[in-house]
2 protein chains.
Amino acid sequence: MSLEIERKFLVNSEAFIKEASSKVRIVQGFLTKDPNRVVRIRIKGDEGFITIKGISNENGTTRFEWEKKIPINDAESLLKLCLPGIIDKTRYEIPIWKHLYEVDVFEGDNEGLVIAEVELENENDSFQKPKWLGKEVTGDSKYYNSQLSEHPYKNW
Amino acid sequence: MSLEIERKFLVNSEAFIKEASSKVRIVQGFLTKDPNRVVRIRIKGDEGFITIKGISNENGTTRFEWEKKIPINDAESLLKLCLPGIIDKTRYEIPIWKHLYEVDVFEGDNEGLVIAEVELENENDSFQKPKWLGKEVTGDSKYYNSQLSEHPYKNW
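Residues numbered from 1 in each chain as written. Chains lettered and ligands numbered in written order. Predicted model: local features only at pLDDT ≥ 70, side-chain atom pairs only at ≥ 80, totals over all residues. Heavy atoms only, no water.

The name given to chain A in an unreviewed UniProt entry is CYTH domain-containing protein, with the source organism recorded as Spongiivirga citrea.

Structure below.
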């Protein structure tokens, strides 16, 4: 259980790919997208997870998050119960200075969308911005995965 | 992960109490009550659980159910995220012949309601009905805990 502090950005080039330290496929769905109590089922590589996210503070940077690893077979069964709009993406991890950027390259109905996130220790933690980082979209709900599953990028 | 086969009944006397083999307090809430994908957080005695229930078959006896034990502190935090309408009840377990009846005595907004459930091995499994068993309410959604939390017995 933790309070998540993260900043979210668009990505303006594929230059991040050659800096990546890892790459993994993520398939995820939602049992509820209610922003006060999001419940997400995720398969990341060969691991399953259930994650529950609570309300954000007003600028969208701090959010309650609870996550538990579950057997991948359970995750596959639970994905079948999820709301329509399964998200499929590839996640690259890119260490920059003392932080780890996660860059998600979306597929399917969200193809063309590339989003970078960096998790900070506190709201005043300073971090380096790589050249491929674009416009900040922290707190913009249309970039939440829960929203992308209902209102995908191809319909924007 | 399992398919649940259960029959549900009202209870017409307190005679079950002296036959009970165990008694435990249960406090529970819901992250979503969508009947296709119910997500429940429960504290049972000193243990925490997360449970996900899928759709029923048409007569309401068979239902997908997935449950995982979680730390009680996590369950307490997750209960705070739940939808309004926390359920508070005492559960008695009563072994009768080869089955175990669970009788829930509700408190708070559902005080006065007493419901018995028996889980069967398959839809044709025979079972004994004790004298304190009343009208069958299997499949009647108003007796679902998810519904009782929104439309409590005191308002019926």
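(A) Representation of the overall build of chain A in the model. When helices and strands are counted, chain A shows 2 helices and 9 strands. From first element to last, N terminus to C terminus, chain A shows the α and β order β-β-β-β-β-α-β-β-β-β-α. Computed over its C-alpha atoms, the radius of gyration of chain A comes to 15 Å, within 12% of the 15 Å expected for a compact globule of 156 residues. Seen through its C-alpha atoms, chain A measures out along the principal axes to roughly 40 × 30 × 30 Å. For chain A, the share of sequence-separated contacts (at least 6 apart) that also reach a separation of at least 24 residues comes to 61%. Carbon and sulfur atoms provide 46% of the accessible area of chain A, an area that totals close to 7,800 Å². (Helix = DSSP H or I, 4+ residues; strand = E, 2+ residues; numbered from the N terminus. Rg over C-alpha atoms; globule rule 2.2 N^0.38 Å. Contact = heavy atoms within 4.5 Å. Areas by Shrake-Rupley, 256 points an atom, 1.4 Å probe, with all protein chains shown as cover.)

(B) A look at the interface of chain A and chain B. On the chain B side, the residues contacting the 24 residues of chain A number 24 residues. Between chain A and chain B, roughly 1,900 Å² of surface is buried when both sides are summed, and carbon and sulfur atoms account for 74% of that area. At the junction of chain A with chain B, the criterion picks out 0 salt bridges. Seen at the junction of chain A and chain B, the total is 4 residue pairs in polar contact (both at pLDDT 80 or more). Looking at the side of chain A that touches chain B, the elements that each hand over two or more residues are strand 2 (22-32), strand 4 (47-56), strand 5 (62-70) and helix 1 (72-81) of chain A. (Buried area = accessible area lost by both parts, 1.4 Å probe. Salt bridge = Lys/Arg side-chain N within 4 Å of Asp/Glu carboxyl O. Polar contact = N/O pair within 3.5 Å; in protein donor to acceptor, adjacent residues only side chain to side chain.)

(C) Just the pattern of salt bridges, in detail. Residues and elements named next belong to chain A. Enumeration over the complete set of coordinates arrives at 26 salt bridges over all chains. Between Lys-69 and Glu-47 there is a salt bridge, with its nearest N and O atoms 2.8 Å apart. A residue pair is termed long-range when its members are at least 10 positions apart, and Lys-69 in strand 5 and Glu-47 in strand 4 qualify at 22 residues. Look at Glu-47 and you get partly exposed, because its relative accessible area is 30%. Across the pair Lys-89 and Asp-104 runs a salt bridge whose closest N-O atoms are separated by 2.8 Å. Here Lys-89 is found in strand 6 (residues 87-96), whereas its partner Asp-104 is found in strand 7 (residues 99-106), with 15 residues between them in sequence. This pair shows no difference in class: Lys-89 is buried, exactly as Asp-104 is. Salt bridges sharing common partners tie together Lys-89, Arg-91, Glu-102 and Asp-104. (Buried < 20%, exposed > 50% of the residue type's maximum accessible area, 1.4 Å probe, protein only.)

(D) The arrangement of the relation of the copies chain A and chain B in detail. Of the two same-sequence chains, chain A is brought onto chain B (RMSD 0.0 Å, axial shift 0.0 Å) by a rotation of 180°. In symmetry terms, the pair is related by a two-fold rotation axis. Residue Thr32(A), judged by its C-alpha, is the member of chain A lying nearest the rotation axis, at 3.1 Å. Taken as a fraction of all interface residues of chain A, those also at the interface in chain B reach 100%, which identifies the copy contact as same-surface. (Least-squares fit on C-alpha atoms with pLDDT ≥ 70 in both.)

(E) Structural view of helix 1 (residues 72-81) of chain B. Residue and element names in this part refer to chain B. Taken residue by residue, helix 1 has Asp-74, Ala-75, Leu-78, Leu-79 and Leu-81 as its buried positions. Seen along its axis, helix 1 keeps its buried residues to an arc of 145°; they face one direction. Structural note: helix 1 exposes Asn-73 and Lys-80 on the side pointing more than 90 degrees away from its buried face. (Arc of directions from axis to C-beta.)

(F) Structural context of the nonpolar core. With 29 residues, the main nonpolar core has Ile50(A) and Ile50(B) as its most contacted residues. Beyond its immediate stretch of four places on either side in the chain, Ile50(B) contacts Ile50(A), Ile52(A), Trp66(A), Val39(B), Arg40(B), Ile41(B), Trp66(B), Glu67(B), Lys68(B) and Ile70(B). (Core = buried A, V, L, I, M, F, W, Y, C linked by side-chain atoms within 4.5 Å.)

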